[in-house]
Amino acid sequence: MTKHEIDCEQALKQLFEFIDRELPEDRRDEMQHHLHTCKSCFSRFEFERRLKEKLGGLGKGEPSSGISDRITKLLNSL
Amino acid sequence: MAIPKKAFENQVIDLLGRMHGVARRLTRSDADAEDLVAEAVARAWRALDSLEHEAAFRGWIFRILHNTFLDECRRRGARPQFESLGYEEPEEGEQQFSIFEQMHQPFLLWFSNPEQEFLDKILREDIDRALATLPEHHRIVVILSDLEEFSYGEIATTLAVPVGTVRSRLARARGALQKILWQQARDAGLSATPPARHECEDGAADAPRPATARQAARAKKDGKS
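Quick caveat, the model's predicted, so the values are computed rather than measured.

1. Quick word on the overall build of chain A
When its secondary structure is counted, chain A shows five helices and zero strands. Along its sequence from the N terminus, chain A presents helices and strands in the succession α-α-α-α-α. For a compact globule of 78 residues, the expected C-alpha radius of gyration is about 12 Å, and chain A comes in at 20 Å, more than 25% above that figure. Along the longest, intermediate and shortest principal axes, the C-alpha atoms of chain A span 65 × 25 × 15 Å. Within chain A, the fraction of its 78 residues that count as buried is 44%. Long-range contacts, defined here as pairs at least 24 residues apart, represent 56% of the contacts in chain A between residues at least 6 apart. Summed over all atoms, the accessible surface of chain A reaches about 4,600 Å², with 49% contributed by carbon and sulfur. If you average the places of the 14 positive and of the 15 negative side-chain charges in chain A, the two averages end up 7 Å apart.

2. Considerations on the interface of chain A and chain B
In this assembly, 39 residues from chain A lie in contact with 51 residues from chain B. The contact between chain A and chain B buries some 4,000 Å² in all, and 59% of this surface belongs to carbon and sulfur atoms. There are six salt bridges connecting chain A and chain B. Of the charged contacts, one joins A:Lys52 and B:Asp146 as a salt bridge, the two residues approaching to 2.7 Å between their closest N and O atoms. In this structure, the connection of chain A to chain B is made through 16 residue pairs in polar contact (both at pLDDT 80 or more). Listed by contribution, the elements that provide at least two residues to the side of chain A that touches chain B are α1 (8-13), α2 (15-19), α4 (39-59) and α5 (65-77) of chain A. Considering every element that reaches the side of chain A that touches chain B, the biggest residue donor is α4(A), with 16 residues.

3. Describing the side chain of B:His20
Along the chain, B:His20 turns up in helix α1 (residues 5-27). Note on B:His20: relative accessible area 7%, which makes it buried. Contacts of B:His20, omitting those with residues within four sequence positions, involve A:Pro63, A:Ser64, A:Ile67, B:Asp30, B:Ala33, B:Glu34 and B:Val37.

4. A word on the pattern of salt bridges
As enumerated under the stated definition, the model contains 25 salt bridges over all chains in all. The shortest N-O distance in the salt bridge between B:Arg167 and A:Glu17 comes to 3.2 Å. Here the residue B:Arg167 occupies a position in helix α9 (residues 163-187), and A:Glu17 occupies one in helix α2, the pair thus bridging two chains. You can call B:Arg167 partly exposed: its relative accessible area is 35%. Judged by relative accessible area, which is 14%, A:Glu17 ranks as buried.

5. Brief notes about the packing of α5(A) against helix α2 (residues 30-46) of chain B
The interhelical angle for the contact between α5(A) and α2(B), taken along N-to-C directions, is 25°, at an axis separation of 10 Å. With respect to α2(B), the element α5(A) is oriented roughly parallel. Of the two possible hands of crossing, α5(A) and α2(B) adopt the one that is right-handed. Contact with α5(A), carried on its side by A:Gly66, A:Ile67, A:Arg70, A:Ile71, A:Leu74 and A:Leu75, involves B:Glu34, B:Asp35, B:Val37, B:Ala38, B:Val41 and B:Ala42 of α2(B) and no other residues of that element. In terms of residue class, the contact of α5(A) with α2(B) is built from eight nonpolar, one polar and three charged.

6. A word on the packing of aromatic side chains
Summed over the entire model, instances satisfying the criterion amount to nine aromatic pairs over all chains. Between A:Phe18 and A:Phe45, the ring centres sit 5.6 Å apart and the planes meet at 55°, which makes this aromatic pair tilted. Here A:Phe18, found in helix α2, pairs with A:Phe45, found in helix α4; they are 27 residues apart in sequence, far enough to count as distant. The exposure class of A:Phe18 is buried, given its relative accessible area of 11%. On the accessibility criterion, A:Phe45 (13% relative accessible area) is buried. Here A:Phe47 and B:Phe100 contribute two aromatic rings whose centre-to-centre distance is 6.0 Å and whose plane-to-plane angle is 55°, an arrangement assigned as tilted.

What counts, and where the lines are drawn
Residues numbered from 1 in each chain as written. Chains lettered and ligands numbered in written order. Predicted model: local features only at pLDDT ≥ 70, side-chain atom pairs only at ≥ 80, totals over all residues. Heavy atoms only, no water. Helix = DSSP H or I, 4+ residues; strand = E, 2+ residues; numbered from the N terminus. Rg over C-alpha atoms; globule rule 2.2 N^0.38 Å. Buried < 20%, exposed > 50% of the residue type's maximum accessible area, 1.4 Å probe, protein only. Contact = heavy atoms within 4.5 Å. Areas by Shrake-Rupley, 256 points an atom, 1.4 Å probe, with all protein chains shown as cover. Lys, Arg positive; Asp, Glu negative; His and termini not counted. Charge placed at Lys NZ, Arg CZ, Asp CG, Glu CD. Buried area = accessible area lost by both parts, 1.4 Å probe. Salt bridge = Lys/Arg side-chain N within 4 Å of Asp/Glu carboxyl O. Polar contact = N/O pair within 3.5 Å; in protein donor to acceptor, adjacent residues only side chain to side chain. Axes fitted to C-alpha atoms, helices over the stretch in contact; angles between N-to-C directions. Parallel < 35°, antiparallel > 145°, perpendicular 65-115°, else oblique. Left-handed = near helix turned anticlockwise from the far one by under 90°. Nonpolar A, V, L, I, M, F, W, Y, C, P; charged D, E, K, R; others polar. Phe/Tyr/Trp six-rings, centres within 6.5 Å; stacked < 30°, edge-to-face > 60°.

No statement about biological role is implied by the geometric values presented.
This is how it looks when you write it as structure tokens:
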């Protein structure tokens, strides 16, 4: 094993940090290399990434006109 | 540091949709969410001197929003927990629940992918409902990380906890969320028990099949697959 290779256990341990873009560059490279070579971990990565993407879809929304009007009035009164 | 009133207003207007979304998920009530945002904005204005620099505005105002929510819970004498919704707090050290590990069949043929089919079937409402079931301390980290795309450092600042706590809390929250989603799916008949026997990719149809992806990974590591 070269210093750039990690096994499945190590890959799964840092999978969410990889998806969350919280890994330093060298560990990110190790993960990318592992995911290119391991179908099982790549499947897990795809699943978790898609689930996070679906969750992210909940966050996109415009404020209601009610809250916009109320906050605008509040800001004007400050 | 005090920023000009106009800059404060612009920042609030830019973040209003996000703040309202987070407030709705914390309070689970449109009316309470509006009150919460209004109170948080008023408090933020009064506490403007505590903003260290304008670039930190987002984390700063979400921290005020969250603290305002917790204060309101205390004022009402309500704990921001929702055990009545059937939530079970994971035990310390307990392995995180994973839908993938429940569903993934490592030796299924390429055209069948139960865990991806599961994701195709679950609806926005299902995820929304599962998220609402989480207790506040787990819900807020998922909201900030997955919905609002905060970095771990920003979440740590917002919740006033160390980054390591964010990391561990997020892992437990995600496991809990997946467990709730899984239970919801089972109740709705979406996640049937997988068939007991499958064709293998390498043709070894009679080889013992690991029950989960983690077991498959271990078997691969040990050279048993």
